[in-house]
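This is what each chain is made of:
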Amino acid sequence: MSVTEKDVRYVANLARLSVSDDEVKFYADNLSRIVALVEQMNDAQTDNVEPLSHPQDAPLRLREDRVTEVDQRDDFQKVAPAASDGLYLVPKVIE
Amino acid sequence: MINHSLTELATALRAKEISSVELTLLFLDRIARFGDLNTFITVNEEMALEQAKAADERIAAKEATPLTGIPIAHKDIFCTKDILTTCGSKMLSNFVSPYNATIVANLANAGTVTLGKTNMDEFAMGSSNETSYFGPVKNPWDTTTVPGGSSGGSAAAVAARLAPAATGSDTGGSIRQPAAFCGVTGLKPSYGRVSRYGMIAFASSLDQAGPITRSAEDAALMLQTMASFDPKDSTSVDKVVPNYLDEFHKDLSEMTLGIPKQYFTDGVDKEVTKAVEGAIRTLKKMGADTVEVDLPNSDLGIPCYYVIAPAEASSNLSRFDGVRYGHRASEYDDLADMYAKSRSEGFGEEVKRRIMIGTYALSSGYYDAYYNKALKLRRLIVNDFAEAFEQCDLIVGPTTPTTAFELGGKADDPVAMYLNDIYTASINLAGLPAMSVPVGFDKGGRPIGMQLIGPYMDAGDILNVAHRFQRETDWHTKMPEGYE
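A brief report on the enclosed structure follows. (Residues numbered from 1 in each chain as written. Chains lettered and ligands numbered in written order. Predicted model: local features only at pLDDT ≥ 70, side-chain atom pairs only at ≥ 80, totals over all residues.)

So, about the overall build of chain B. A tally of helices and strands in chain B yields 15 helices and eleven strands. Relative to the compact-globule value of 23 Å for 484 residues, chain B shows a C-alpha radius of gyration of 21 Å, a close match. If you line up chain B on its principal axes, its C-alpha atoms span 65 × 55 × 45 Å. Counting every position in chain B, which comprises 484 residues, the buried fraction comes to 62%. The contacts of chain B with a sequence gap of at least 6 include a subset with a gap of at least 24, amounting to 76%. (Helix = DSSP H or I, 4+ residues; strand = E, 2+ residues; numbered from the N terminus. Rg over C-alpha atoms; globule rule 2.2 N^0.38 Å. Buried ≥ 20, exposed ≤ 12 C-beta atoms within 10 Å, placed from the backbone. Contact = placed C-beta atoms within 7 Å.)

Now for the overall build of chain A. Secondary structure summary: chain A contains three helices and two strands in total. For chain A, the N- to C-terminal ordering of α and β elements is α-α-α-β-β. Relative to the compact-globule value of 12 Å for 95 residues, chain A shows a C-alpha radius of gyration of 22 Å, a clear excess of over 25%. Each principal axis of the C-alpha distribution contributes one length, and for chain A these read about 55 × 45 × 25 Å. For chain A, the residues scored as buried account for 18% of the 95 residues in total.

Further remarks concern the interface of chain A and chain B. The partner chain B presents 54 residues to the 44 residues of chain A that form the contact. When contributions to the side of chain A that touches chain B are tallied by element, the ones reaching two or more residues are helix H1 (5-14), helix H2 (21-38) and helix H3 (73-78) of chain A. With seven residues, the single largest contributor to the side of chain A that touches chain B is H2(A). Residues of the side of chain A that touches chain B, tallied by class, amount to 27 nonpolar, eight polar and nine charged. (Nonpolar A, V, L, I, M, F, W, Y, C, P; charged D, E, K, R; others polar.)

What follows deals with the packing of H2(A) against helix H9 (residues 301-316) of chain B. Running from N to C, H2(A) and H9(B) cross one another at 125°; their axes reach a closest spacing of 8 Å. Our classification of the angle between H2(A) and H9(B) gives oblique. Seen from H2(A), the contacting residues are A:Ile34, A:Leu37 and A:Val38; seen from H9(B), they are B:Pro303, B:Tyr306 and B:Val307. Partitioned by chemical class, the residues of the contact of H2(A) with H9(B) number six nonpolar, no polar and no charged. (Axes fitted to C-alpha atoms, helices over the stretch in contact; angles between N-to-C directions. Parallel < 35°, antiparallel > 145°, perpendicular 65-115°, else oblique.)

The terminal C-alpha atoms of helix H11 (residues 349-362) of chain B, which comprises 14 residues, lie 20 Å apart, in line with the 20 Å expected from a rise of 1.5 Å per residue. When you tally the buried positions in H11(B), you get twelve out of 14 residues, the bulk of the element. (Expected span 1.5 Å × (residues − 1).)

Turning next to unusual backbone geometry. For residues that are not glycine, phi is negative in most cases, and the peptide bond is trans in most cases. Residue and element names in this part refer to chain B. In the segment running from glycine 149 into serine 150, the intervening peptide bond is cis, with an omega of 10°. The backbone phi angle of lysine 16 is positive, close to 65°, even though this residue is not glycine. Located in the positive-phi region is phenylalanine 123, a residue other than glycine, with phi close to 50°. On the basis of neighbour count, phenylalanine 123 is assigned to the buried category, with 31 C-beta atoms found within 10 Å.

Residue and element names in this part refer to chain B. In terms of burial, strand E11 (residues 447-453) is largely enclosed, as seven of its seven residues are buried. Here E11 shows two buried faces, one formed by Pro447, Gly449, Gln451 and Ile453 and the other by Ile448, Met450 and Leu452. The pairing of strand E10 (residues 434-441) with E11 spans seven bridges and is antiparallel. Residue pairing in the sheet places phenylalanine 441 in a bridge with proline 447 of E11. Taking the residues between adjacent antiparallel strands as the criterion, E10 and E11 are bridged by five residues, where glycine 445 takes a positive phi near 80°. (Pairing = 2+ DSSP bridges.)

Once that is clear, we can look at the environment of B:Ile83. All names here are of chain B. Of note, isoleucine 83 is situated in the loop between strand E2 (71-75) and helix H4 (102-109). Remark: the alpha-carbon pair of isoleucine 83 and threonine 42, spanning 41 residues in sequence, is separated by 8.2 Å. If we skip the residues at most four places from it in the chain, isoleucine 83 touches Thr42, Asn44, Met47, Val96, Ser97 and Lys117.

Written out as structure tokens, the structure is:
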């Protein structure tokens, strides 16, 4: 199945990527080639096979419910594009 | 000194033949001299010399570990406190990490010196190091060819003797393929053996850090220090780290090597096959048994991988939003526009491609056909390996279908680039340990790698076989010309 330009625009929006009209054509072409590659999976018979999402195939480890993090807010906000008074700054969302 | 093993360097440091400061200056000088290879994104001169000074004091106080005072390089995917950590991307080109990755801390606690951060494919997505925002790395064996990727900077730096050892990460072959292309030794440990904390995530069910070195013995020493149980990584395995050097006693007559027929087809370059077959003959002469094994779904590893890895990547890379760290666009209309512009400016073409293909595979209507289908296939691939390991101790084959290709040679064809990982990606799907060791050169003088694959949590056997092979052969000691 080929990936259409409409698919590219839809997927790009889901992934919060902006793509120009030229790029849409470009990505539609090479995503189609990748989809053709992955569709080779259809050669395999997988009825009644349980999906495996992780090589360990085991439940995640549990830990005691207690605070283990130390406060590093100032260190972390030092690398933020815009922060002030301990808050991350973004464009206004609610008028 | 540049050809010393890590053990020899440790001995020289303890015998005061050289100080860690002198050794660090020696490698810093080489990094500057061979800067054209573009192996480093950041050289950490000042801090390295402080670390070296501290290491010398520690050696004098007789409190040294086997790695104290040894300069190493870290792939730029590992967070290093107070050092730029870019992951090869414009997105993180201003990111000075506020903390250390666990492996960086483990190696620092052992007393290693951080020479700098090595170049890599952007977010580890690539097999040629050409997707780096900081430009491609050149292969020291032939500077018109790629070093492989994504840990191309680390592999090329170790090959050119710009660092005695380096760290790398491997999601679909990113340690083993560049190790093969650069004629060095690269080990991807079992999933969960080495902590992922502070390693910038690409595909979390596949990512694993490991060493790139000039020998199996050096790899064992590095892994010994890198590996640990880490409560900060939810998939870290709580199992004692064995003494890998102790595993070097097992004679090859106790070993059966599985040869998968799917790894020796017409799809592999004839010179690669010939070199790998030669190495297998050497292992047989040393006493190993061989048996043919079947990995029937091996051709489907790549299609399966190129659904799962991008799917996980599309989720992992959603964290780059221009809010908490990394690149933020300078102009935007509103929050949604800021996200989209920051991400589109910050990510390169291959990263965007993988985010989109992953988003596509996970989107409503395609989830079952692509993502769920890939997960089912993943179980079949895991089962294939499990059945093969009922007949053998290790699986042996080529690391890559070809030797290093020309810079720019595959840059316009993503699918051709992906097929580089044909013998490596399935191993990540199964979480197994695997290593590439040098076994020869093609007619053009480009290195060839052999891959040794082991059962889960059994890197010891791989290291032992590789170590014994390297005692019998000298491929791993060869050095590219012009780097003396």
